[in-house]
Amino acid sequence: KTIKAGDIINYPQKGDRCTIHYEAYTEEDMYNSENPTPFDSSRKRGQVFHFRLGENQVIEGLDVAVSKMSLGEEVEATIPFPYAYGVAGYPPIVPPRATLIFRVELIQFSPSA
């Protein structure tokens, strides 16, 4: 789901160094809580997050979501458990078979050097 449109021109490619802000929630917390709290958040830390797109540095669902975003875009991505932390989850933070909701902003990206 788009929260804020990007420039619709510039899209990151595999290997690009992406800079994002994100907030990560379990689907259960996001939709069954009056005041959902992210289990991880670059915004809460006050520090952007960098990773190389398509190089297994983040969960697969986040790689896929960012690869479809244009510069400046903000989205809310629903990531099913097979593309997140799988059947096992990431105890004690993410329960088994948890669908995740990521709110992501693509701040910038640059080609790999």
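In what follows, the structure referred to is the one given above.
Reading guide: rules and limits
Residues numbered from 1 in each chain as written. Predicted model: local features only at pLDDT ≥ 70, side-chain atom pairs only at ≥ 80, totals over all residues. Heavy atoms only, no water. Helix = DSSP H or I, 4+ residues; strand = E, 2+ residues; numbered from the N terminus. Buried < 20%, exposed > 50% of the residue type's maximum accessible area, 1.4 Å probe, protein only. Contact = heavy atoms within 4.5 Å.

## Observations regarding unusual backbone geometry
Excluding glycine, most residues fall at negative phi; most peptide bonds, likewise, are trans.
Here comes step 1: Omega for the bond connecting Pro91 with Pro92 falls within 30 degrees of zero, at -5°, which places this linkage in the cis form.
Here comes step 2: Mapped onto the secondary structure, Pro92 falls in the loop between β5 (74-79) and β6 (100-110).
Here comes step 3: A positive phi angle, near 55°, is found at Asn56, a position not held by glycine.
Here comes step 4: Residue placement: Asn56 occurs in the loop between β4 (49-52) and α3 (60-67).
Here comes step 5: Judged by relative accessible area, which is 73%, Asn56 ranks as exposed.

## Remarks on the environment of Arg97
Here comes step 1: You can see Arg97 is positioned in the loop between β5 and β6.
Here comes step 2: Taking the relative accessible area as the measure of exposure, Arg97 reaches 51% and is therefore exposed.
Here comes step 3: Each C-alpha atom, one on Arg97 and one on Phe81, is 5.1 Å from the other, the two residues being 16 residues apart in sequence.
Here comes step 4: What Arg97 contacts, discounting residues up to four positions off in sequence, is Phe81, Gly86, Val87 and Gly89.

## Focus: α3
Here comes step 1: Among the residues of α3, Gly61, Leu62, Asp63, Ala65 and Val66 are the ones counted as buried.
Here comes step 2: Those residues of α3 hidden inside the fold are in contact with β2 (17-26), β4, β5 and β6.

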